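A look at the structure
Spelled out from the first residue to the last, the chains are:
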Amino acid sequence: MMEQKLIEQIVSRVLASLPELQQAKKAEQGIPVGVSNRHIHLSAGHIETLFGSGYALTKDKDLKQVGEYAAKETVTLVGPKGIIRNVRVLGPVRAFTQVEISRTDGFGLGVVPPLRDSGNLDGSPGIVVVGPKGAVTLTQGVICAARHIHMEAAAARALQVADGDRVTVKLQGPRGGTFDNVLIRVNPDFRLEFHIDTDEANAAELKNGDMVTLCK
């Protein structure tokens, strides 16, 4: 009887560890690329200003990161020198509004977005955001998002990195090369993905789903 109970406990522990082992194996095989096009995260108050009182975002499709999605709603960005239409809103609702664009987008709009980790908005430029029901003038919030890797804890252990680390990523493909100063972000809800903007992806000839590896 004791032997049977011990076997059941061992089997239970093995089964519980399988998802983590699978995540670790995937991480060791490579990190998939996710190219981040221009988009905006909106606060609840700004959603109401842009789309109407009591308005709720409409999910279009889920993104790879748990709980995040592309909404059906879009806005127009208006800068000192130009405008960009049909900028996708990403959900869920944020505590503050953040606009993520590339440096090329900034040239067209007439703003200079600083290279920042998400959420670091102090001293960043503002912009006018226009929706179907109104407009919001941001005093700050426009950034060029620094490249980073999302991952769960199992992947972090497999790759021997921790949240907040800065690493170098090796690129394959026709151009090859490396990306330095890549931020590691670890969270139970994250899924393994290397995020870069369209300027970086185009320069390296990378596309969604391509694989990169960490330089040891």
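Residues numbered from 1 in each chain as written. Predicted model: local features only at pLDDT ≥ 70, side-chain atom pairs only at ≥ 80, totals over all residues. Heavy atoms only, no water.

Okay, the environment of Ala145 next. Counting through the fold element by element, Ala145 comes out in strand β10 (residues 142-145). Put simply, Ala145 and Ser118 are 27 residues apart on the chain and 6.2 Å apart in space, counted from C-alpha to C-alpha. When neighbours within four sequence positions are excluded, Ala145 is seen to be in contact with Glu100, Leu115 and Arg116. (Helix = DSSP H or I, 4+ residues; strand = E, 2+ residues; numbered from the N terminus. Contact = heavy atoms within 4.5 Å.)

Moving on: the layout of surface pockets. Quantified by volume, the largest pocket comes out at close to 900 Å³. Along the walls of the largest pocket sit 38 residues, with Ser36, His39, Leu63, Leu90 and His195 positioned nearest its centre. Those elements that place two or more of their residues in the lining of the largest pocket are β1 (31-36), β2 (39-43), β3 (59-62), β5 (83-94), β10, β11 (148-151) and β14 (193-197). At 6 residues, β5 tops the list of elements feeding residues into the lining of the largest pocket. (1 Å grid on protein atoms, 1.4 Å probe; cavity = no way out; pocket = protein on both sides within 12 Å on 5 of 7 lines; lining within 4 Å. Points joined across faces, edges and corners; volume = space filled by probe spheres on them.)

Let us look at the environment of Gly54. Among the structural elements, Gly54 can be located in the loop between α2 (44-51) and β3. Residues Gly54 and Ala44, 10 residues apart in the sequence, show an inter-C-alpha distance of 9.2 Å.

Once that is clear, we can look at the pattern of salt bridges. This model, assessed by the stated rule, comprises 6 salt bridges. Between Arg38 and Asp105 there is a salt bridge, with its nearest N and O atoms 2.9 Å apart. Here Arg38, found in the loop between β1 and β2, pairs with Asp105, found in helix α3 (residues 103-109); they are 67 residues apart in sequence, far enough to count as distant. Linking Arg147 and Glu200 is a salt bridge whose minimum nitrogen-to-oxygen distance equals 2.5 Å. Within this pair, whereas Arg147 is found in the loop between β10 and β11, its partner Glu200 is found in helix α5 (residues 198-204), the two being separated by 53 residues in sequence. Comparing Arg147 with Glu200, the two get one shared label, buried. (Salt bridge = Lys/Arg side-chain N within 4 Å of Asp/Glu carboxyl O. Buried < 20%, exposed > 50% of the residue type's maximum accessible area, 1.4 Å probe, protein only.)

Any functional reading would require information that these geometric values do not contain.
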